[in-house]
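# An overview of the molecular structure
Here is how the chains run, residue by residue.
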Amino acid sequence: MSSASLQQLLARRDTWWGRDSDGAAHGGRPTGFAALDRLLSLGGWPRHGLVELLCPLPCPPLLHLVLPLLAADEPGARLIANPPERPSADTLARAGVPLAQLLVLRGERDGLLRACYEAAASDALSLLLLWAPGGALPTGTLRRLHLGAQQGRCLLVLARPRRAARQPSPAPLRLALDCPAPGELTVTVHKQPGGRPGDQCHLSVLPEHLRRAPPATVSLPALTRRPRPTLAPPSLRLPAPPPPELRP
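As the structure is a computational prediction, the values presented were derived from the model and not from experiment. (Residues numbered from 1 in each chain as written. Predicted model: local features only at pLDDT ≥ 70, side-chain atom pairs only at ≥ 80, totals over all residues. Heavy atoms only, no water.)

## Here's the deal with the packing of helix H5 (residues 109-120) against helix H6 (residues 139-151)
To keep things clear, this is the line we draw: What counts as an axis is a line fitted to C-alpha atoms, over the stretch in contact for a helix, and the angles between N-to-C directions run from 0 to 180 degrees. Secondary structure follows DSSP: runs of H or I at least 4 residues long count as helices, runs of E at least 2 residues long count as strands, and numbering of each begins at the N terminus. Angles below 35 degrees are treated as roughly parallel, those above 145 as roughly antiparallel, those between 65 and 115 as roughly perpendicular, and all remaining angles as oblique. Handedness of a crossing follows from how the near helix is turned relative to the far one, being left-handed for an anticlockwise turn of less than a right angle and right-handed for a clockwise one. Contact criterion: two residues are considered in contact whenever any of their non-hydrogen atoms come within 4.5 Å of each other.
Taken N-terminus to C-terminus, the directions of H5 and H6 make an angle of 25°; their axes are 7 Å apart at the nearest point. With respect to their mutual orientation, H5 and H6 come out roughly parallel. Between H5 and H6 lies a crossing whose hand is left-handed. Each of Leu113, Tyr117 and Ala120 in H5 lies in contact with H6, whose residues at this interface are Thr141, Arg144, Leu145, Gly148 and Ala149.

## Quick look at the confidence of the model for the protein
To keep it simple, the criterion reads: For every residue, the pLDDT score states the predictor's confidence, bounded by 0 at the bottom and 100 at the top.
Mean pLDDT over the protein stands at 83; residues scoring 70 or higher make up 73%. Here residues 19-25 is modelled with pLDDT under 50, and outside its nearest four sequence neighbours on either side it reaches 11 contacts, counting other chains as well.

## Quick notes on the pairing of strand E6 (residues 173-178)
Consecutive side chains of a regular strand alternate in pointing toward one face of the sheet and then the other. To be explicit about the condition: Relative accessible area decides the class of each residue, using a 1.4 Å probe on protein chains only: under 20% of the type maximum gives buried, over 50% gives exposed, and in between gives partly exposed. Think of it this way: DSSP has to see at least two bridges between two strands before they count as a pair.
Within E6, five of the six residues are buried, which leaves it mostly tucked inside the rest of the structure. Relative to E6, strand E1 (residues 49-54) runs parallel, the two sharing four bridges. Directly across from leucine 53, in E6, lies its bridge partner leucine 175. Hairpin remark: E6 followed by strand E7 (residues 184-191), antiparallel, with five residues in the connecting loop; positive phi at glycine 183, about 80°.

## Some words on the pattern of salt bridges
Rules: By definition here, a salt bridge exists when the distance from a side-chain nitrogen of Lys or Arg to a carboxyl oxygen of Asp or Glu is within 4 Å.
On inspection of all chains with the given rule, the structure shows five salt bridges. For the salt bridge of arginine 47 with glutamate 74, the shortest nitrogen-to-oxygen distance reads 3.1 Å. Taken as a pair, arginine 47 in the loop between helix H2 (34-39) and E1 and glutamate 74 in the loop between helix H3 (61-71) and strand E2 (77-81) lie far apart in primary sequence, 27 residues in all. The residue arginine 94 makes a salt bridge to aspartate 90 at a minimum N-O spacing of 3.2 Å. With arginine 94 and aspartate 90 both in helix H4 (residues 89-94), this residue pair falls four residues apart, about one helical turn. By relative accessible area, arginine 94 is classed as exposed at 64%. One connected set of salt bridges, linked through shared partners, spans Glu52, Arg160 and Arg174.

## Here's the deal with H6
Just so we agree on the cut-off: The length a helix should cover is 1.5 Å for every residue beyond the first. Directions drawn from the helix axis to the C-beta atoms are what define this arc.
With 13 residues, H6 should cover 18 Å at 1.5 Å per step; its first-to-last C-alpha distance of 18 Å lies within 8% of that length. If you check which residues of H6 are buried, you get Thr141, Leu142, Leu145, His146, Gly148 and Ala149. The buried residues of H6 occupy an angular sector of 165° when projected down its axis, which confines them to one face. Here the buried face of H6 lies against E1, H5 and strand E5 (155-160). Looking one or two residues beyond H6, the residue adopting positive phi is arginine 153, at roughly 55°.

## Examining the pairing of E1
The element E1 is extensively covered by neighbouring structure, given that six of its six residues are classed as buried. By the bridge criterion, six bridges tie E1 to E5 in an arrangement that is parallel. Directly across from glutamate 52, in E5, lies its bridge partner leucine 158.

## Considering the nonpolar core
Keep this limit in mind: The definition of a nonpolar core used throughout is a set of buried Ala, Val, Leu, Ile, Met, Phe, Trp, Tyr and Cys residues joined through side-chain atoms within 4.5 Å.
Grouped together as the largest cluster of nonpolar side chains are 34 residues, with contacts concentrated most on Leu36, Trp45, Leu53, Leu62 and Leu65. Those elements that provide at least two residues to this core are H2, E1, H3, strand E4 (125-131), E5, E6, E7 and strand E8 (200-204). When residues in this core are grouped by element, the largest group, six residues, is from H3. Contact partners of leucine 53, with chain neighbours within four places excluded, come to Trp45, Leu62, Leu65, Val157, Leu158, Ala159, Arg160, Leu175 and Leu177. Residues Ala81, Ala120, Ala132 and Ala171 belong to the second largest nonpolar core, which totals 21 residues.

## So, the state of the cysteines
Which entries qualify depends on this criterion: Cysteine sulfur atoms that come within 2.5 Å of each other are treated as a disulfide pair.
Applying the stated criterion across every chain yields a total of zero disulfides. Summary of cysteine pairing: cysteine 59 is not part of a disulfide, and the nearest cysteine sulfur, belonging to cysteine 55, is at 3.6 Å. In this structure cysteine 59 comes out as buried when scored by relative accessible area, which is 6%. Distance from the sulfur of cysteine 116, which forms no disulfide, to the nearest cysteine sulfur (cysteine 154) is 9.5 Å.

## Structural notes on the sheet that holds E8
The strands making up a sheet associate through backbone hydrogen bonding, with each pair oriented either parallel or antiparallel. The eight strands lie next to each other as E3-E2-E4-E5-E1-E6-E7-E8, forming an open sheet whose pairing is mixed. Every other strand in the sheet has two partners, leaving strand E3 (102-105) and E8 as the edge strands with one partner each. Geometrically, the sheet is characterised by an average inter-axis angle of 20° between neighbouring strands, direction not taken into account. Strands E2, E3, E4 and E5 of the sheet are contacted by H5, whose axis makes an angle of about 160° with E4.

Rendered as structure tokens:
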């Protein structure tokens, strides 16, 4: 193969580079967690396409895992679809998420999936985080979501229940999540290009002061208040009676 042909092959968007000698890779979006970047063959999240996170839903730490993605300096809007609870705007803002570019979408199953496909394919989104609606998702639906995200250059992160791991999926990257303790996540590779299934890492997705459990009530010091001194009401003084009148 000539040098020119090799350079053309390496310049193609569908050419996978693998890992370099340091274990780093090319082209991925940083996850915000160094251990997870080392675990992923791209050195981070894919730039676009479908990613599946398999976890016991609703899996609250999942949103903490993708907070760096939501706050990343990427052009385009962010869409959170079908979240189990309404995200706190104050918490997202303190995490650096640009609220002016954030949309939250709820809807019925069929309409929700159609809207997510059209949004992912529209070239207007940078990131779409979708909690899978109830019921199994057909492989054809997953394929359309993946192709739509590729077309719109959008990263579509799909949260699915753990039992979905038994179903084949067109998603190049599938990760299994476990939450052994509050603020802790164990990430296991289920499928990725060039990666071995079963590789895993452990992440702390909350700051230390938020991961510590509050002390039990019995160990907290009792709150005491000094009683305010009671002021005796002023005594009522009656005027002295006039002296008796003396008559001759």
